Amino acid sequence: MAFALVAASSARSPEAGTALRLAFVAAALGGSALLWWVHGWWRPSGRALLLWAVALRLIFAPLLPGLSDDGYRYLWDGLLQAQGISPYAYVPSDPALARFQDSVLYERMNSPDYHSVYPPVSQVGFRIAALALPLGWEWAWYLWKALVLAAEAVGAWALFRLVGARRSMLYALNPVVLIEVAGQAHTEGLLLGALGGIVLSLSGSARWAGLGVAAATFVKLWPVAWALFVCRSSRRGLAGLTLIGALGLFYEVHRYAPNILESLRLYAGTFDFYSLPYLVLKAAMYGTVGEMAGALAASGMTLAWGGVCVYAWMRSPRTGRSLMRAVSIVTVGYVLASPTLHPWHLLAALFVLPLLENKTWLSWLAAMSVSGYLVYMLPGVGLPITLIGWVGAATLFTWERRSSLLAATMRWRARGKTREMAEVLRRVPPGRSVLDLGAGEGYVGRDVGDRLGVAVEAIDVANLGDRFGPRVDLYDGLRIPRPDGAYDATLIVYVLHHARVPVRLLHEAVRVTRGPVIVLETVCHGPRSKRWLEAVDRLVNRIRSRGRIDEEPLTIRTDAEWVRRFEAEGFRLRHRETRPGLHPKALYVLDGGHVAASMTRSGVRPSASSTTASG
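Just so you know, these numbers come straight off a predicted model, no measurement behind them.

A.B. asks: Please clarify how the pattern of salt bridges should be interpreted in this entry.
C.D. replies: A side chain with one charge can pair with a side chain of the opposite charge if their charged atoms come near. Under the defined criterion, the tally for this structure stands at 17 salt bridges. Across the salt bridge formed by Arg579 and Glu420, the nearest N and O atoms sit 2.2 Å from each other. Remark: Glu420 occurs in helix H21 (residues 402-420) and Arg579 occurs in strand S7 (residues 573-579); sequence separation between them is 159 residues.

A.B. asks: Mind showing me how you'd approach the pairing of strand S2 (residues 455-460) here?
C.D. replies: When a strand is regular, its side chains alternate between the sheet's two faces. Where strand S1 (residues 433-437) lies against S2, 5 bridges are found, and the strand directions are parallel. From the neighbouring strand, Asp436 faces S2, where its bridge partner is Ala458. Crossover handedness for the path S1 to helix H23 (residues 443-452) to S2: right-handed. Here 2 bridges tie S2 to strand S3 (residues 473-474), and the two strands are oriented parallel to one another. Its bridge partner lying in S3, Asp460 is registered against Leu474.

A.B. asks: Sorry, what's going on with the nonpolar core here?
C.D. replies: As a rule of thumb, nonpolar side chains are buried together in soluble globular proteins. In this structure, Phe24, Phe60, Trp76, Trp144, Trp226 and Leu362 are the most contacted members of the largest nonpolar core, which totals 117 residues. For this core, the leading source of residues is helix H7 (residues 137-163), giving 10 residues. Apart from residues no more than four positions distant in its own chain, Trp226 is found in contact with Leu191, Leu195, Ile198, Val213, Ala216, Val327, Val330 and Thr331. Listed in part, the 25 residues of the second largest apolar core include Leu506, Ala509, Val517 and Tyr588.

A.B. asks: In this structure, what is going on with a positive patch on the surface? I would like to understand it.
C.D. replies: Together, Arg411, Arg415, Arg419 and Arg446 make up a region of like positive charge exposed at the surface. Broken down by element, the positive patch gets its largest block of residues, 3 residues, from H21. Tracing the chain through its elements places Arg419 in helix H21.

What counts and what doesn't
- Residues numbered from 1 in each chain as written.
- Predicted model: local features only at pLDDT ≥ 70, side-chain atom pairs only at ≥ 80, totals over all residues.
- Heavy atoms only, no water.
- Salt bridge = Lys/Arg side-chain N within 4 Å of Asp/Glu carboxyl O.
- Helix = DSSP H or I, 4+ residues; strand = E, 2+ residues; numbered from the N terminus.
- Pairing = 2+ DSSP bridges.
- Right-handed = clockwise from strand over helix to strand, strands pointing away.
- Core = buried A, V, L, I, M, F, W, Y, C linked by side-chain atoms within 4.5 Å.
- Buried < 20%, exposed > 50% of the residue type's maximum accessible area, 1.4 Å probe, protein only.
- Contact = heavy atoms within 4.5 Å.
- Patch = residues over 30% accessible without salt bridge, like charges linked within 9 Å, V, L, I, M, F, W, Y side chains within 5 Å.
- Areas by Shrake-Rupley, 256 points an atom, 1.4 Å probe, with all protein chains shown as cover.
- Lys, Arg positive; Asp, Glu negative; His and termini not counted.
- Charge placed at Lys NZ, Arg CZ, Asp CG, Glu CD.

See the structure below:
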């Protein structure tokens, strides 16, 4: 509550001074941090959440459009409609509108040389607000704000119905939502009401979801992408699209389409704010195309978002929850692909935030967007704020997804290891049995099995498998619990340098193998290379095992040292090759079976040493 009071009391126009603006940003950031902390332990009832949500909105409700001048443009469009003039017909600075240009609305509005781009549903709201203009523009502003809050209440109630009080708290009490909806009454508040209708429909029946999509599209244009999922869920959604589409005819959008498209093109190619992907792409293209870089970068971002929409549509089943998840992906994708990302542009993404698995990164990005209010008062802070917001969000996203990202990396590495052994693996006929000794998470064995069509058994002394990996059996590190010649081939992938007595491990591998024993091993070139490779190995294995791998002993040898050991122990080396690079390695193929047989005849019983998974 204290953060809200400070933020609301310091939310003034830039003319109020830098100190108040800094206090506002600090309060907003503090409120965001407090919300995330409270979310970790508070389990609110529906009634408690409602009381807090209403109370906080009441604190911001008295604010006039001081942080943003969009509100004046809303009322200007409503004023024109009240006079029987289409808001799309003229730019506000046109001499034909001279009789309205001595008003506060014209003096304080943004972009007077641009045609209005607000779609028909927004225009209906502006027209209703204009009914109070005879009482003063402030009265019209509060009437508009009441409409926005009413629509937002529908969305918040729908979200609560779907995910419950605790998860919807991340939206309902979010400082960015309070500031931009209750405080500045941006049109995104109407969008949230439409999105709430989609939530209710897709979580049950999609009968009315088409109405929600059409309403959202005619509040902001981009939600037309949601129609992909609504119409996929139910053809009856088309009825809602058709019904509200009549508003476009009423406002003669087709007649004034050139004016609207002109403003949209200027907006897309001219304005940018708090969008690191857009800035990077624009900078990369500027040296080649010059001033066209902005428009081309915006087009590229739009195409990327289109790809996200297609991907989400192809991957989503025809069920309500899955479709709602797809709508969430499309919504967040739009935000990330926007060249201009003011705090209110993040409201739709914050609405679907409770539906996402990973939430911290988006909360960070939204909270830092409020710092953008400092840009016009403190020159030079725009790029640092953008970097802090996006780099921090990327870091948090990576941390939240660390398990799945690690699993994906391990699968990618496993494919690389399989390619390293591809030539010798081709000698193993399909349908044979293969042992992956020291398998780690088992990804290498699974990839080999999938590629060759062989049955792979994974075994190790430690259980490093998790919900992302295949099954890995455990053994005591001394003797593989399988009979002699049990496998047609054995893989030992980056394991020998972890074994206490590597040759004993090799003896045991040879014993249980009828065919080749394939060894892929890290090799060094000297003392300095050895120290470097061992340090990297410790770091990588600590990350992938979450500290469960015992790194002692860890001994990386040269290729010549390994060959001398093989020869000293009587192993028959069938194939040998070394591969240089940042990670130098060697591939060895040993014959299985004959060493074990000769040792058995001489009365020597081989035993294995403990291995530590590295495959």
